[in-house]
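# A structural walkthrough
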Amino acid sequence: MNPLQAISSQGKLGKLQPNNPFVLDWIQKTADLVQPENIFWCDGSEEEKAYLMEQAVKQGVLIPLDQKKWPGCHYHHSNPNDVARVEQCTYICTRRQKEAGPTNNWMEPKAMRQKLQALLQGSMKGRTLFVIPYLMGPSGSRLSKVGVELTDSIYVVLNMRIMARMGKVAWDHLGNSEDFNRGTHTVLDCNPERRFISHFPEENEIISVGSGYGGNALLGKKCLALRIASYLGRDEGWLAEHMLVLCVQDPEGRKTYVAAAFPSACGKTNFAMMIPPHSYKGWKITTIGDDIAWMKPAPDGRLHAINPENGYFGVAPGTNLKSNPNAMKTIARDTIFTNVARTPDGDVWWEGKDNPPPADLIDWKGKPWDPRSGEKAAHPNSRFTSPMKNNPALAVEADDPQGVPISAIIFGGRRATTMPLVFQAFSWFHGVFVGASMGSETTAAAVGSVGQVRRDPMAMLPFCGYNMGQYFDHWMEMRRHIEILPRIFHVNWFRKDGAGRFCWPGFGENMRVLEWIIGRCHGQKDAREKSIGWVPRFDDMNLKGMEEMTRERFDEMMKIDPEEWRNELVLQNELFLKLYHELPKEMIYQRELLVARL
Ligand code: SAT
Ligand code: MN
């Protein structure tokens, strides 16, 4: 008899257990350690969802919203000490420190396991251990990966079932294989002193303790789909990237697929769901993914991308009918809101929502909100978790096991100065350098100061599961395996003018930049060669209908200021020096070339 049955007591639901001996053995060992009262095998069904929602509401973990206004939607307050990713508690545990590299926290795997063992011992006494089998990526894709998360958080289960394909689909994909990610998660007493988000890439394992929030706890997302996956991708010849993927369809019906990397909370979800301005008749944007792309060279010679996720974990503040109408429709049902503000009668609100704040608002900490207090009602990193199938602009290709062929890769940061609206790299190697030297202002998505420019290579600084220098090398090495290389671009929606106003309106108007980018990919748009790359001139871009965008304003937005660039080179060098021992020579050449051109 399966020994696990002795402690599985959950009636008729979630009976779906696999026969896979590796799964059973590992779960038994974990259960022996954490000593749960029950084991609940999640099957991802609607019936199970209804049951778990009811349990979560009973336990006060979720608060139902007004079901007329917000059908199927719930609210969650997190612990106020647990509201974002914690980079200082995130570890890459490889045998050699060099493997993790200077940009990651490192601990020797044995030492970390010992520490965690002590914390996990008996940690689920009197609690239920949920077994979450999940598949990252479309069913039947050679790029998809199976993970199993063991967690004591019902909130995590309910979020994971939105964010990943959960249940039988994962067991079927796995079969009797040993090739799955082992994820153990427990909230413990949610004490920041006992918070460790630990990755063991050599064992394809994650152990996360002490946090129940987002990227710390939904292990399929940043932990597996970026940190572990980037490590696997290096060894298996593919890329796991912090990128949205979208499809641009032009009036002739031609489809072009674009991947774009921006740091957390810099508008990836908005860009992925963008609605073109009125003047763009016949143009359409559809969403493949809004946060993560797995990309592998395909037999057709192109780089193909899938979105490993099945839902969106998006930033709520600033989301409204103007900034992102598709997101507003997506979150209108079956959504879990975390740390936004709410009203006693089950409505939600956040800074930058369409309507002014309703009376009687309850802030993200659960206290009555005083508009004069100067405090935000919603936490700046408050989130919505929504199924991607709710997105009216969902691409038909989102579920395609073949993925989509990428024509353009865009890197972008949040920069008040220095970086023009857009430029194109001269070559793949130059593009890798542009991504590698990227900087961006920090946001509320991670604990720490906000608004400081830091180097965030390819928006992967917090997510690269191995040595960043080797990661650049892997990017360059990919060139040999892709026959038809995507073109590489850099954008900055956030440059400010002398008066401190944004130079560019952003949102739907970004379509104009996208049109230039895909025009470049198809050899249909002109540009001028400048020191930093190919740059559009005023007449190269479609600016029709933008009265405020005069030639002067355009030139100011596109300006390459020698003083600012001197400073930029110094900042870039700080990261490169840190990575010096593993930095590919080509990166140094690219830097020298840039210095010479400037
Ligand atoms: O909390 S998450 O890491 O999932 C969101 C983000 O930072 O991108
Ligand atoms: Mn992200």
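Residues numbered from 1 in each chain as written. Chains lettered and ligands numbered in written order. Predicted model: local features only at pLDDT ≥ 70, side-chain atom pairs only at ≥ 80, totals over all residues. Heavy atoms only, no water.

### Some thoughts on the overall build of the protein
Broken down by element type, the protein carries 16 helices and 29 strands. If you line up the protein on its principal axes, its C-alpha atoms span 70 × 55 × 45 Å. A burial count over the protein gives 62% of its 598 residues as buried. For the protein, contacts bridging at least 24 residues in sequence account for 73% of all contacts bridging at least 6. Put simply, the protein shows about 23000 Å² of open surface, and 50% of that area lies on carbon and sulfur atoms. Here the protein carries 71 positive and 69 negative side-chain charges, and the mean point of each set is 1 Å from the other. (Helix = DSSP H or I, 4+ residues; strand = E, 2+ residues; numbered from the N terminus. Buried < 20%, exposed > 50% of the residue type's maximum accessible area, 1.4 Å probe, protein only. Contact = heavy atoms within 4.5 Å. Areas by Shrake-Rupley, 256 points an atom, 1.4 Å probe, with all protein chains shown as cover. Lys, Arg positive; Asp, Glu negative; His and termini not counted. Charge placed at Lys NZ, Arg CZ, Asp CG, Glu CD.)

### Quick word on the pairing of strand 23 (residues 404–412)
With eight of nine residues buried, strand 23 lies mostly within the body of the structure. Relative to strand 23, strand 14 (residues 255–261) is paired through five bridges, and the arrangement is parallel. Each residue of the ladder has a partner; that of Val258, found in strand 23, is Ala408. With five bridges connecting them, strand 23 and strand 27 (residues 487–491) associate as parallel partners. Within the sheet, the bridge partner assigned to Phe411 lies in strand 27 and is His490. (Pairing = 2+ DSSP bridges.)

### Observations concerning the domain arrangement of the protein
The assigned domain composition of the protein is domain 1 (3–60 + 86–237), domain 2 (241–310 + 395–597) and domain 3 (312–390). On a C-alpha basis, the centroid separation for the pair domain 2 and domain 3 is 29 Å. Between domain 2 and domain 3, the contact holds 15 residues from the first and 15 residues from the second. Across the domain 2/domain 3 interface, buried area totals approximately 1200 Å², and carbon plus sulfur atoms make up 60% of it. Scanning the region where domain 2 abuts domain 3 turns up zero salt bridges. Along the contact surface separating domain 2 from domain 3 lie three residue pairs in polar contact (both at pLDDT 80 or more). Elements represented by at least two residues in the side of domain 2 that touches domain 3 include exactly helix 9 (268–272) and strand 15 (284–289). (Domains from an automatic or database assignment. Buried area = accessible area lost by both parts, 1.4 Å probe. Salt bridge = Lys/Arg side-chain N within 4 Å of Asp/Glu carboxyl O. Polar contact = N/O pair within 3.5 Å; in protein donor to acceptor, adjacent residues only side chain to side chain.)

### A look at the coordination of the manganese ion (ligand 2)
At 1.9 to 2.2 Å from the manganese ion (ligand 2) lie its protein donor atoms, namely Lys222 (NZ), His242 (NE2) and Asp291 (OD). Here the donor residues of the manganese ion (ligand 2) are spaced in sequence according to K-x19-H-x48-D. Of the two residues, Lys222 is situated in helix 8 (residues 220–236) and Asp291 in the loop between strand 15 and strand 16 (293–297); the sequence distance between them amounts to 69 residues. In this structure Asp291 comes out as buried when scored by relative accessible area, which is 8%. (Donors = N, O, S within 2.8 Å, 3.2 Å for Na, K, Ca; no water.)

### Quick notes on empty space enclosed by the protein
The full count for this structure, using the stated rule, is two cavities of 30 Å³ or more. Volume-wise, the largest cavity comes out at about 90 Å³. Considering the residues around the largest cavity, the lining is formed by Met419, Phe423, His430, Phe433, Val434, Ser437, Met438, His490, Ile532, Trp565, Gln572 and Leu594. Within the residue set of the lining of the largest cavity, elements represented by two or more residues are helix 11 (428–436) and helix 15 (562–578). (1 Å grid on protein atoms, 1.4 Å probe; cavity = no way out; pocket = protein on both sides within 12 Å on 5 of 7 lines; lining within 4 Å. Points joined across faces, edges and corners; volume = space filled by probe spheres on them.)

### Things to note about the packing of aromatic side chains
The full count for this structure, using the stated rule, is 23 aromatic pairs. For the pair Trp349 and Trp369, a centre-to-centre distance of 6.1 Å together with 35° between the ring planes defines the contact as tilted. Taken together, the residues span a long stretch of sequence, with Trp349 in strand 21 (residues 348–349) and Trp369 in the loop between strand 21 and strand 22 (383–387) at a distance of 20 residues. In terms of burial, Trp349 and Trp369 fall into one category: buried. One cation-aromatic arrangement involves Arg234 over Tyr466; the distance from NZ or CZ to the ring centre is 4.7 Å. Lys496 extends its terminal NZ or CZ atom over the ring of Phe502, reaching a point 5.1 Å from the ring centre. (Phe/Tyr/Trp six-rings, centres within 6.5 Å; stacked < 30°, edge-to-face > 60°. Lys NZ or Arg CZ within 6 Å of the ring centre and 35° of its normal.)

### Quick look at the nonpolar core
Among the nonpolar cores identified, the biggest contains 134 residues, and Phe271, Trp294, Met295, Ile409, Phe472, Trp475 and Trp504 are the most heavily contacted of them. No fewer than three residues from each of domain 1 (3–60 + 86–237) and domain 2 (241–310 + 395–597) sit in this core. The contacts of Trp504, once residues within four sequence positions are left out, are Leu421, Trp493, Glu509, Asn510, Arg512, Val513, Met541, Leu543, Met546, Met549 and Met557. Core analysis: the next-biggest nonpolar cluster, separate from the first, contains 31 residues, Ile27, Met112, Met124 and Phe180 among them. (Core = buried A, V, L, I, M, F, W, Y, C linked by side-chain atoms within 4.5 Å.)

### Brief notes about the pairing of strand 15
Burial of strand 15 is extensive: five of the six residues sit out of reach of the surface. Two elements, strand 13 (residues 243–249) and strand 15, share five bridges in a ladder whose sense is antiparallel. Its bridge partner lying in strand 15, Cys247 is registered against Thr286.

### Describing the confidence of the model for the protein
Of all residues in the protein, 97% have pLDDT values of 70 or greater, and the mean over the chain is 95. Every residue in residues 5–9 scores below 50 in pLDDT, and together they form eleven contacts with partners more than four places removed in sequence or on other chains. (pLDDT = per-residue confidence, 0-100.)

### Points about the sheet that holds strand 18 (residues 311–315)
The strand order across the open sheet formed by five strands is 2-3-19-22-18, and the pairing between neighbours is mixed. The two strands at the open ends of the sheet, each matched to only one other strand, are strand 2 (63–64) and strand 18. Strand direction decides the pairing type here: strand 3 (residues 74–76) and strand 19 (residues 336–338), joined by three bridges, are parallel. Pairing of Tyr75 across the sheet is with Phe337, part of strand 19.

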